[in-house]
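So you can see what is in the structure, the chains are spelled out below.
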Amino acid sequence: MSGGQPEKSRGRKGKAACALLLATSMLALLRPTALHAQETELRGEVSETAILTDQQRKARQLALAAQGQQAPTSAAQDNAPARTYLPASAGAVPDDTDTDAATGSVFDPPSATDDTSADTPAPPKPRRRPSTARQNAADQAKDKAADKSKKKKSTSTTGATATTGAATTDTTASTTDDADTTEADQEAANRRAVTIDSVDRQKLDPGAERTASIEGQDKKADDDPFAATGVKWGSFVIRPTIEQGLTATSNGDASSAGTSALLSETALRFSAISDWRENSATIDGYGLFRETVSGYSVHNEQGRIEGQLNVDLDNELRAIAKLGYEAVPESASSPDAIAGVNTQPLRQTVDGSLGIEKEAGKMHYALTGAVTHDFFGDAELSDGTSLSQKDRDSTLYTATLRTGYEISPALTPFTEIEVGRRTYDQRIDNEGFERSSTRLGARAGLELDMGEKLAGEFSAGWLREAIDDNSLEAISGATVNADLKWSPERGTTIGLTGQTTVEPTTTADQSGDILYSGRLTGERQIRANLTGNAALGLDWRDYIGVDGHDMTLSAEAGLTWWLNRYAGLTTRVRTEKLTSNLPGRDYTANSIFLGVKVQR
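Residues numbered from 1 in each chain as written. Predicted model: local features only at pLDDT ≥ 70, side-chain atom pairs only at ≥ 80, totals over all residues. Heavy atoms only, no water.

Draft legend 1. Focus on the sheet that holds strand 7 (residues 341–343). Read across the open sheet, the 3 strands follow the order 7-10-11; overall the sheet is antiparallel. Only two strands of the sheet have a single partner each, and these edge strands are strand 7 and strand 11 (386–387). Relative to strand 10 (residues 379–381), strand 7 is paired through 2 bridges, and the arrangement is antiparallel. Paired with Val341 across the strands is Leu381, a residue of strand 10. (Pairing = 2+ DSSP bridges. Helix = DSSP H or I, 4+ residues; strand = E, 2+ residues; numbered from the N terminus.)

Next comes the structure, spelled out in structure tokens:
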């Protein structure tokens, strides 16, 4: 019994030792190791700042390595053993001395392990701060190296010892500063670059207010909310307008024999503008119908339509073509009006022109050819018969050359020369006169272009039309033409128009007359749905071959109140007075109109 007990004790001790060794091995195997993703800095994108910082760090390491090589050389000259370079903090240099080892750059490939049977490849050496165990091992190696250095330096002289100590202090200080800089560079390099779509990945606030729909946002207010929108027709935008109302007048036909009447008046107007990319075209027209409701008998129908085409050609050339047609009955106040008729003859006019414009630097050139043909219908006499007016049919051909010089973008003075020929379909009229004539004129003017503020032109000159029949005096006189628009403020437009017209005649022993017409108009948008307009007119007719003249003064004012964008109420008041030194031509006409205006 006593002999068996010692064996049992030894067996127990052996089992305890085996259990202790087994537990130690398990702890060593289960010891947590740093993950590969935590040991390397290449996680996510690498910014350009990190690359540049890494290059600067490598340059400083090379400079410090060069200084480290110079320090042993100086120590060897002093017969002192070379001191091993020791960094101020562990991990500043690689642990191994292999020349092929990684330099710590972001461009170094991961090192491969020699053990092919390992489960996981060895991760690349990190550039992060070393672990605590490695830091302690580095500190111990540093202390041992310092002790050996002190033993070797004990046999040296005092002066050598002082010199060596000073060098060691400088080296240590510089190494410490470099280590701090390296750690700061590593932190900047390890900072994860911000991705492009990081802002879009922000978490939504569940309590945020819902964004309103696009249709619910406030729309930009129209500059003119009551302006006609127009109708799209092919490549044109058409804006039609119709006006219907009643006119009460003191002189039904504006003549010396006219009396009061109540008239039904209908006016149709339209404008069409092309929607082309390069060239442009416009079409305008109107129709006016007046019929007696009560009082003085009036039956008047008139209208006009005209179009214009602008085409840009090569070599800074531009072509402008115009074509128009007009049908207007002879006015009762016209010098050629026929007395004692039921209906005045209808005058029809077909006119067209073609012009070429050229800009060469500051010089502007324009050449325009125009043709105007007038033909008249028969006059219906009070006895039921008709009177032919064929001897009044004529055609006027003109050619105009304009030359201008642009002294500034807003001012362009110009000169014009006009030549023409008027030919009658009936070479000798019913009174035995040869009415055809030759036309010659010259003008000088100024063209203004200041945008919406002021635009247009005006000119003055002289015009002469010599009749082929020597017994008739030539029609000649000064000419004044103007077409200006001025906008002193937004919503207000003031216009000035002037025109000089040669009116031939077939009256015996008379050549004709020159008519000067001028209009001053104003339009004001009082409110968004209320528009006011006013006009002043002055006409002066100078008879050639007869000591006579006519002067016509007119004034007009009106208002338009828009109920909506498409309909409104309109009214206007007009007065007109003609005075003449010839008998039987004076008259006065006052009228007031009230109606409805519809537009689209």
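Draft legend 2. A look at the environment of Met551. Within the element layout of this structure, Met551 appears in strand 20 (residues 549–562). Take Met551: its relative accessible area is 29%, and that puts it in the partly exposed class. Separated by 28 residues in sequence, Met551 and Thr579 have C-alpha atoms that sit 5.4 Å apart. Residue contacts for Met551: discarding those within four places in its chain leaves Leu538, Asp539, Trp540, Lys577, Leu578 and Thr579. (Buried < 20%, exposed > 50% of the residue type's maximum accessible area, 1.4 Å probe, protein only. Contact = heavy atoms within 4.5 Å.)

Draft legend 3. Structural context of the pairing of strand 15 (residues 454–467). Sheet topology note: the strand 14 (residues 437–449)/strand 15 ladder contains 13 bridges and is antiparallel. Bridging across to strand 15, Arg443 finds its partner in Gly461. Once strand 14 ends, the chain turns through 4 residues before running back antiparallel as strand 15, passing Gly451 with a positive phi of about 70°. Here strand 15 pairs with strand 16 (residues 475–486) via 12 bridges, running antiparallel. Residue Gly461 lies in a different strand from strand 16, and its bridge partner there is Thr479.

Draft legend 4. How the structure looks around the confidence of the model for the protein chain. Here the protein chain shows a mean pLDDT of 79. Residues at 70 or above account for 67%. This stretch, residues 32–43, has a pLDDT under 50; its non-local contacts, to residues over four places away or in other chains, come to 14 contacts. Counting interchain partners and residues more than four positions distant, the pLDDT-below-50 stretch residues 96–106 has 20 contacts. (pLDDT = per-residue confidence, 0-100.)

Draft legend 5. Representation of the environment of Val341. Of note, Val341 is situated in strand 7. The class for Val341 is buried, based on a relative accessible area of 17%. When the C-alpha positions of Val341 and Ala379 are compared, they lie 7.0 Å apart, and in sequence the two are 38 residues distant. With sequence-adjacent residues up to four places away left out, Val341 is seen in contact with Glu380, Leu381 and Ser382.

Draft legend 6. Region of the structure containing the side chain of Asp429. Assignment of secondary structure puts Asp429 in the loop between strand 13 (411–424) and strand 14. Within the structure, the side chain of Asp429 is placed 3.0 Å from the side chain of Arg435, a separation counted as a polar contact. (Polar contact = N/O pair within 3.5 Å; in protein donor to acceptor, adjacent residues only side chain to side chain.)

Draft legend 7. Up close: the pairing of strand 20. Pairing geometry for strand 19 (residues 530–544) and strand 20, over 13 bridges, is antiparallel. Bridging across to strand 20, Asp539 finds its partner in Thr552. Between strand 19 and strand 20, which pair antiparallel in sequence order, lie 4 residues; one of them, Gly545, sits at a positive phi of approximately 85°. Two strands pair when backbone bridges link them, and strand 20 and strand 21 (residues 567–580) are joined in this way by 13 bridges, in the antiparallel orientation. Each residue of the ladder has a partner; that of Glu556, found in strand 21, is Arg574. Count of turn residues in the strand 20/strand 21 antiparallel hairpin: 4 residues.

Draft legend 8. Region of the structure containing empty space enclosed by the protein. In total, this model carries 2 cavities of 30 Å³ or more according to the counting rule given. Approximately 50 Å³ is the volume found for the second largest cavity. Along the walls of the second largest cavity sit Arg422, Tyr424, Arg435, Ser437, Glu465, Ile467, Ile475, Pro504, Thr505 and Ser511, which together make up its complete lining. At the level of elements, strand 13 and strand 15 are the ones that each hand at least two residues to the lining of the second largest cavity. In terms of residue class, the lining of the second largest cavity is made up of 4 nonpolar, 3 polar and 3 charged. (1 Å grid on protein atoms, 1.4 Å probe; cavity = no way out; pocket = protein on both sides within 12 Å on 5 of 7 lines; lining within 4 Å. Points joined across faces, edges and corners; volume = space filled by probe spheres on them. Nonpolar A, V, L, I, M, F, W, Y, C, P; charged D, E, K, R; others polar.)

Draft legend 9. Representation of the pattern of salt bridges within the structure. As enumerated under the stated definition, the model contains 31 salt bridges in all. A salt bridge links Asp275 to Lys232, with the shortest nitrogen-to-oxygen separation between them at 3.1 Å. Here Asp275 is found in the loop between strand 3 (261–274) and strand 4 (280–295), whereas its partner Lys232 is found in strand 1 (residues 231–233), with 43 residues between them in sequence. The class for Asp275 is exposed, based on a relative accessible area of 51%. Between Arg524 and Glu489 there is a salt bridge, with its nearest N and O atoms 3.0 Å apart. Highlighted residues: Arg524 in strand 18 (residues 512–527) and Glu489 in the loop between strand 16 and strand 17 (492–504), separated in sequence by 35 residues. Among the residues examined, Arg524 registers a relative accessible area of 34% and is labelled partly exposed. Taken together, the salt bridges that share partners define one network made up of Arg402, Glu416, Glu418, Arg422, Arg439, Arg443, Glu447, Glu457 and Glu465. (Salt bridge = Lys/Arg side-chain N within 4 Å of Asp/Glu carboxyl O.)

Draft legend 10. Layout of the packing of aromatic side chains. Under the defined criterion, the tally for this structure stands at 1 aromatic pair. The ring centre of Phe376 lies 4.0 Å from the NZ or CZ of Arg392, which sits over that ring. Of note, Arg402 hangs over the ring of Phe414, and the distance from its end group to the ring centre comes to 3.8 Å. (Phe/Tyr/Trp six-rings, centres within 6.5 Å; stacked < 30°, edge-to-face > 60°. Lys NZ or Arg CZ within 6 Å of the ring centre and 35° of its normal.)

Draft legend 11. A look at unusual backbone geometry. Notably, Ala254 is not glycine yet its phi reads approximately 50°, a positive angle. For Ala254, the location among the structural elements is in the loop between strand 2 (236–249) and strand 3. One non-glycine residue, Glu316, adopts positive backbone phi at about 60°. Summarising the element assignment, Glu316 is placed in the loop between strand 5 (299–312) and strand 6 (317–329). Relative accessible area serves as the criterion here: at 56%, Glu316 is assigned to the exposed category.

Draft legend 12. Fine view of the environment of Val231. Relative to the helices and strands, Val231 resides in strand 1. Considering only alpha carbons, one finds Val231 and Arg600, 369 residues apart in sequence, at a separation of 7.0 Å.

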